[in-house]
Amino acid sequence: MKYKVLLAGNSKKLISNFFLQMDFAFECVTSSVIYDDLKNHVQYFKPDIFIYCMRAETRDDLVTIASFHDVLGKNDIPFAAIGDSVSLDFASKIPNCVPELSIKLPMSTSDMEDTITSFIKKHKAFLSSAADSPLSRALDANASSAFDTLAKLDTALEAIEKEPDAQDSGRQPESPDRHRILVVDDATIIHKTIKGYLDSRYEVATAISGKIALRFLNTKEVSLIFLDYEMPDMNGPAVLEELRKDPYLATIPVVFLTGINDVEKIKNALALKPQGYLLKPVDKESLVAKIKELVD
């Protein structure tokens, strides 16, 4: 069977190779590096993998791909990048732009085809095993993403294992030498990105929904909360409203994470008087600077 591959990027030669030399293995479609165009291809073509063919990419192109990475994650579509070591290193420095599969050139066409095919097969096997898990189905029968299902499962099990008994209603304190920071976002790639930035210095906890975050805060102390502004079921403002109802939780600094570029919506966020906001994809320097400002 042929796997469906969505291609984009500046390497026209590499893209041509997919159509001319790998057509027996892949059904290929190309897209421009325009966010709406990429998103529409996901909706209508439903690819098995997205492959970014790199050659002299601009930072703006990579920032677009970083934003598109969230769309891929929510649709269980892996992100692969092909390029020389300089191109792949450049991409790795853009938040949320680290691919699940990196292929470094030079590589023969046959080896490249085998590598991609093997990766897609393993990815599909992973999705199938996750969907067939009885515990996973019990946790969320309507889960739309295997990645998010596994994240929910991990969070739920952690909450069960560490839930206080009836005689201990206190919150677990932070480590004396490490602040605990909570990241609340429905995109697990944001969790991975921020944890990668901060793990060496801070204890980073994550939650994929406002309800899970509030449950976590019933038993754990945190120094700072990074809160996604727009989430399904319970958005950032609703979570912040709940936090302010609790005298203890109301003292924790809250910084909104948002991909919103609309000025009015940013004004609405600031009207709630958080301790700040950061635009996604999150820049490491801005993230660390905000933590130092509010915590250190």
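So, a few notes on the structure that sits alongside this text. (Residues numbered from 1 in each chain as written. Predicted model: local features only at pLDDT ≥ 70, side-chain atom pairs only at ≥ 80, totals over all residues. Heavy atoms only, no water.)

1. Some thoughts on the overall build of the protein
The cut-off we apply is this: Strands here are runs of E lasting at least two residues and helices are runs of H or I lasting at least four, both read from the DSSP assignment and numbered beginning at the N terminus. Working rule for contacts: check all heavy atoms of both residues, and any pair within 4.5 Å makes them a contact. Here the accessible surface of atoms and residues is derived via Shrake-Rupley with a 1.4 Å probe, and residues count as covered only by protein chains that are part of the display.
When you go through the protein residue by residue, the secondary structure sums to twelve helices and ten strands. Counting contacts in the protein only where the partners sit at least 6 residues apart, residues at least 24 apart contribute 62% of the total. Summed over its atoms, the accessible surface of the protein is roughly 15,300 Å², and 51% of this surface lies on carbon and sulfur atoms.

2. Some points on the sheet that holds strand β4 (residues 79-83)
So the rule is basically this: Here, strands pair whenever DSSP counts at least two bridges between them. Orientation is described by axes fitted as lines to C-alpha atoms, over the contacting stretch for helices, and by angles from 0 to 180 degrees between their N-to-C directions.
Strand order in the open sheet made by the five strands is β2-β1-β3-β4-β5, with parallel pairing throughout. On the outer flanks of this sheet lie β2 (26-30) and β5 (101-104), each paired with one strand and no other. Along the sheet, successive strands turn relative to each other by an average axial angle of 25°, direction set aside. Looking at chain direction, strand β1 (residues 3-8) and strand β3 (residues 49-53) are connected through four bridges and run parallel. Its bridge partner being in β3, Leu-7 is matched across the sheet by Ile-51. Helix-sheet contacts for helix α1 (residues 12-21) involve β1, β2, β3 and β4, and the interaxial angle to β2 is about 140°.

3. Remarks on the environment of Leu-240
Within the secondary structure layout, Leu-240 lies in helix α10 (residues 236-243). For the pair Leu-240 and Leu-214, spaced 26 residues apart in sequence, the C-alpha to C-alpha distance is 10.0 Å. Those residues in contact with Leu-240 that lie beyond four places of it in its chain are Leu-227, Val-254, Phe-256 and Leu-272.

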